[in-house]
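Examining the three-dimensional arrangement
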Amino acid sequence: MARGFLRVALLALVLCLAVDGGEASPVTKSEIGLSAGATRRLLAAHQYRMREKVPLYANKAGPFHNPSETYQYYDLPFCEPDAGLKSKIEDLGEVLEGDRMTSTPYDVPFRVDKENESLCVKTLTARDLKRFRKAVEEDYYFQMYYDDLPIWGFVGKIEKILKPNAPEMRYYLFTHVHFDVAYNGDKVVEINVSTDPLRTVDITEGSEATVEFSYSVRWKETRIPFERRMEKYSRYSFLPQHLEIHWFSIINSCVTVLLLTGFLATILMRVLKNDFIKYSRDDEAQLEEQEETGWKYIHGDVFRFPRFTSLFCAVIGVGTQLFAMTMGVFALALVGVFYPYNRGALLTAIILIYALTSGIAGYVAANHYRQMGGQNWVRNVLLTGFLFCGPMFIVFSFLNTVAIAYRSTAALPFGTICVILIIWALVTAPLTVLGGIAGKNARSEFNAPCRTTKYPREIPALPWYRGALPQMCMAGFLPFSAIYIELYYIFASVWGHKVYTIYSILFIVFIILIIVTAFITIALTYFQLAVEDHEWWWRAVLCGGSTGVFIYGYCFYYYYARSDMSGFMQTSFFFGYMWTICYGFFLMLGNVGFRASKLFVMHIYKAIKCE
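Keep in mind that what you see is a predicted model, and the values were worked out from it rather than measured. (Residues numbered from 1 in each chain as written. Predicted model: local features only at pLDDT ≥ 70, side-chain atom pairs only at ≥ 80, totals over all residues. Heavy atoms only, no water.)

1. Focus: the overall build of the protein
In plain terms, the rule: A run of DSSP states H or I qualifies as a helix once it reaches four residues; a run of E qualifies as a strand once it reaches two. Both are numbered from the N-terminal end. We call a residue buried when its accessible area falls under 20% of the maximum for its residue type, exposed when it is over 50%, and partly exposed in between, using a 1.4 Å probe and counting protein chains only. When checking whether two residues touch, look at their non-hydrogen atoms; a contact exists if any pair is within 4.5 Å. Only the protein chains shown count as cover for residues, and the accessible areas themselves come from Shrake-Rupley with a 1.4 Å probe.
Scanning the protein for helices and strands turns up 17 helices and 12 strands. Within the protein, the proportion of its 611 residues that are buried is 51%. Looking at the protein alone, contacts between residues at least 24 apart form 80% of all its contacts between residues at least 6 apart. Accessible surface, the protein as shown: approximately 29900 Å² in total, 62% of it carbon and sulfur.

2. Some thoughts on the packing of aromatic side chains
Which entries qualify depends on this criterion: Only centres within 6.5 Å qualify two rings of Phe, Tyr or Trp (six-membered ring in Trp) as a pair; their planes then separate them into stacked at under 30 degrees, edge-to-face at over 60, and tilted for everything else. Criterion for a charge above a ring: Lys NZ or Arg CZ within 6 Å of the ring centre, and within 35 degrees of the ring normal.
Scanning the model with the defined rule gives 57 aromatic pairs in all. Each ring, one from W579 and one from Y583, has its centre 5.3 Å from the other, and the planes form 10°; the classification is stacked. Taken together, the positions of W579 and Y583, both in helix α17 (residues 568-606) and 4 residues apart, correspond to about one turn of that helix. Taking the relative accessible area as the measure of exposure, Y583 reaches 18% and is therefore buried. Geometry around Y172 places K157 over its ring, the cationic atom sitting 6.0 Å from the centre.

3. Quick notes on the sheet that holds strand β8 (residues 168-174)
Strands in a sheet are paired, the pairing made by backbone hydrogen bonds, and the direction either parallel or antiparallel. Where we set the bar: Strand pairing is assigned whenever DSSP identifies at least 2 bridges connecting the two strands. Axis lines are fitted through C-alpha atoms, for helices just across the contact stretch, and the angle between N-to-C directions can take any value from 0 to 180 degrees.
Within the open sheet, the 3 strands sit side by side as β7-β8-β11. Their pairing is antiparallel. Strands at the two margins of the open sheet, each flanked by one partner only, are β7 (156-161) and β11 (200-202). Taking the axes of each pair of neighbouring strands and ignoring which way they run, one obtains an average angle of 35° across the sheet. Where β7 meets β8, 6 bridges bridge the pair, whose relative direction is antiparallel. Of the residues in β8, the one forming a bridge with E159 is R170. Against the sheet, helix α4 (residues 126-137) touches β7 and β8, its axis set at about 105° to β8.

4. What to know about helix α8 (residues 309-334)
Put simply, the rule reads: Each residue after the first adds 1.5 Å to the expected span of a helix.
For α8, which comprises 26 residues, the first-to-last C-alpha distance of 38 Å matches the rise-based estimate of 38 Å (1.5 Å per residue) to within 8%. Just downstream of α8, G336 is the residue with a positive phi angle, here 95°.

5. Things to note about the confidence of the model for the protein
As a reminder, the rule being used: You can read pLDDT as the predictor saying how much it trusts each residue, on a scale of 0 to 100.
Residue-level pLDDT values for the protein average 84, and 85% of them are 70 or greater. Per-element confidence in the protein is highest for helix α12 (residues 389-406), whose mean pLDDT is 96, and lowest for helix α1 (residues 2-20), whose mean pLDDT is 36. Note that residues 236-241 has pLDDT below 50 and, in this model, 7 contacts with residues that lie over four places away or in other chains.

6. Thoughts on the sheet that holds strand β9 (residues 176-184)
Strands sit in the order β4-β12-β9-β10 across an open sheet of 4 strands; the sheet is mixed. Single-partner strands in this sheet number two, and they are β4 (114-124) and β10 (187-195). Across the sheet, the axes of successive neighbouring strands diverge by a mean angle of 20°, strand direction being ignored. Both β9 and strand β12 (residues 209-221) contribute to a ladder of 8 bridges, which runs parallel. Counterpart to A182 in the pairing with β12 is K220. Against the sheet, α4 engages β4 and β12, with an angle of about 120° to β4.

7. A few points about the state of the cysteines
For clarity, the cut-off: Throughout, disulfides are identified as pairs of cysteine sulfur atoms within 2.5 Å of each other.
Tallied over the full model, the rule gives 1 disulfide. With a sulfur-sulfur separation of 1.7 Å, C79 is cross-linked through a disulfide to C120. The S-S bond linking C79 to C120 shows a torsion near -60°; that makes this disulfide left-handed. Of this pair, C79 sits in the loop between β2 (71-72) and α3 (92-96) while C120 sits in strand β4; the two residues are 41 residues apart in sequence, bridging distant segments of the chain. Considered together, C79 and C120 belong to a single accessibility category, that of buried residues.

8. Concerning the nonpolar core
Soluble globular proteins tend to pack their nonpolar side chains together in the buried interior. For clarity, the cut-off: By nonpolar core is meant a set of buried Ala, Val, Leu, Ile, Met, Phe, Trp, Tyr and Cys residues that side-chain atoms within 4.5 Å join together.
Among the nonpolar cores identified, the biggest contains 89 residues, and F491, L529, F574, L587 and Y605 are the most heavily contacted of them. Only α6 (240-279), α8, α9 (345-356), α10 (358-371), α14 (468-494), α15 (503-530), α16 (537-562) and α17 provide two or more residues apiece to this core. When residues in this core are grouped by element, the largest group, 17 residues, is from α17. Of all hydrophobic cores here, the second largest spans 47 residues; its members include L76, F142, V155 and A209.

9. Side note on the packing of α9 against helix α13 (residues 414-441)
So the rule is basically this: Just so you know how the angles are binned, under 35 degrees is roughly parallel, over 145 roughly antiparallel, 65 to 115 roughly perpendicular, and the rest oblique. Throughout, the ten residues Ala, Val, Leu, Ile, Met, Phe, Trp, Tyr, Cys and Pro are labelled nonpolar, Asp, Glu, Lys and Arg are labelled charged, and all others, Gly among them, are labelled polar.
Where α9 contacts α13, the axes come no closer than 8 Å and their chain directions differ by 40°. By the criterion of interaxial angle, the relationship of α9 to α13 is oblique. Seen from α9, the contacting residues are I351, Y354, A355 and L356; seen from α13, they are I423, V427, T428 and L431. Residue composition of the contact of α9 with α13, grouped by class: 7 nonpolar, 1 polar and no charged.

10. What about the environment of L513?
Residue placement: L513 occurs in helix α15. In this structure, the C-alpha to C-alpha distance between L513 and F480, residues 33 residues apart in sequence, is 7.9 Å. With near-sequence residues (within four places) excluded, L513 lies in contact with P479, I483, T547, F585 and L589.

11. Section: α10
The terminal C-alpha atoms of α10 lie 20 Å apart, and with 14 residues this matches the ideal 20 Å at 1.5 Å per residue to within 8%. For α10, the tally of buried residues reaches 11 of 14 residues, placing the bulk of the element in the interior. Among all positions of α10, only S358, G359, A361, G362, V364, A365, A366, N367, H368, Y369 and Q371 are buried. Summarising the contacts, the buried residues of α10 are in contact with α8, α9, α11 (377-387), α13 and α17. Following α10 by one or two positions, G373 has its phi on the positive side, about 85°.

12. Considering empty space enclosed by the protein
What counts is decided by this rule: Both site types are read off a 1 Å grid over the protein atoms alone. A 1.4 Å probe that fits but cannot get out defines a cavity, while an open set with protein on both sides within 12 Å along at least five of seven lines defines a pocket; lining residues have an atom within 4 Å of a point. Grid points are joined across faces, edges and corners, and a volume is the space filled by probe spheres set on the points.
One pass over the full model with this rule turns up 4 cavities of 30 Å³ or more. Of the pockets and cavities examined, the largest cavity occupies roughly 120 Å³. What lines the largest cavity is a set of 15 residues, and nearest its centre among them are F78, Y106, F174, V177 and F213. For the lining of the largest cavity, the class distribution of residues is 11 nonpolar, 4 polar and no charged. Looking at the second largest cavity, the residues that line it are V318, Q321, Y354, S358, A361, T384, G385, C389, T428 and T432. Elements with a minimum of two residues in the lining of the second largest cavity: α8, α10, α11 and α13.

13. Concerning unusual backbone geometry
Positive phi, close to 55°, is recorded for R407, a residue that is not glycine. Its place among the elements puts R407 in the loop between α12 and α13.

14. Things to note about a nonpolar patch on the surface
Applicable threshold: Each patch is built from residues that are more than 30% exposed by relative accessible area and take part in no salt bridge. Like charges join if they lie within 9 Å; nonpolar side chains (Val, Leu, Ile, Met, Phe, Trp, Tyr) join within 5 Å. By definition, a salt bridge exists where a carboxyl oxygen of Asp or Glu is found within 4 Å of a side-chain nitrogen of Lys or Arg.
A surface patch of nonpolar side chains, amounting to about 370 Å² of accessible area, comprises V378, L382, F386 and W424. Here the element with the most residues in the nonpolar patch is α11; it accounts for 3 residues. As for its placement among the helices and strands, V378 is situated in helix α11. On the accessibility criterion, V378 (44% relative accessible area) is partly exposed.

Now the structure itself:
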């Protein structure tokens, strides 16, 4: 049975890779390691002869300040090709990003200049004018791809005319597009698009207008090699002075956090050293000092397994899987797979790595559940499989319904949803079950250094700041301060139009986040045990994962203070998907906090003599 599951999972993975690789954007050897033959084939796909047609696709259009609210390019009444619209076949990641490539009437052959080429003469009806006015008012942009190079332009502009009574707003539609294209030999290296502010049509009033759309093309030779044509988008993501500020801010933040962490670790080690000296004295001395430090006196309860064991083990299993997935994505990023505008590569990698690491979640959860004496391992495996996927599916269903209602390209087609469900059904679910079976049959045991008493010790009355919620606030603040600066750049990339390419900085910040989360959770666990509160299992998870709550709180600040996003669709997408991401962070960092606390607790109780 297990071999049959593996065959089906392998077949589904091969099918998924085949779907993903069907029309992927070509890359160069400098962007990802390829064989010499593969490199030659990819370069040949971008070689053109004089006057040869170069593919130009229109992608999407939408409000500039609402990056998730995108529509098909021809939802606006632009000129359409005489031969009719032809859609480009896209891979899984491109569809997930909302890309919808279609042909255009622009004719931009290789190394052919054009001065004032007429695209079409179109009579705009009242409905067409209304759509264009709405697009200009909401600052719509459009995106195209020329030889797999992205280009952007705006639909129109608004001018404010000052009058004695009140200012008057005039809406102008751009009717002329100019392409500046740079080439090196027989390859396209760079392209820029601009609109002529003098060639506009006033669409503020009127029920009908006849408009001539036109374009011009100018070619120029450049010395930039083809292999470096994507570096332009990396440079524009952060200007040099901003990059220096970025590095300085990150280093300053990291040094501060590491100093605080080192200071906390030093104090903790000194306190533990004093505790070990005290507990090594005779019994009479211990009884006199019992009220001062009491973590030894709960040795019979500290390894008592937590309540809701199945849920607890599922949280640890899924958190371990998400951590492994994150490290896998970082590994791909650091070797250069996610170069700028490698359309959909990141989302495709996340889906595939999540599917392939699902066996880790099943194994870890079932193994912990068996060690804690659990019997209903089937329920535990099911809970593990749906703990993250279930809420994510609910959020996705709601947001996809909203996107369908808006007729946005952010709505996934039925075929794409079927592909994702097939991956889940034939890869994720079977691997989770197989991991659960392996974890249930593993021979590892929970070897506690102290015996657990039959009846739990009563926890003394504690002040309010010893409760779970205040402890979570204290635990989440320091790790959040370590990533606060980097969050802005990440948000500006995910929920804006900047390109994030400095994965090395991001990886350093992630490692520091893990270290700080582990240290702060260990410290709070010690303080909890010192006041004879032995229910540390769930508290370690909650304190470790509390950074996810802080990140979601930052979402409100970013949305209302640092962005210009608006509208129900963009708001629901932002807070809906960020809730899913922060929930994943909660599970992952909760797992980190528990594992760090477990190592700490096991260590200190092994260092003393327990009866």
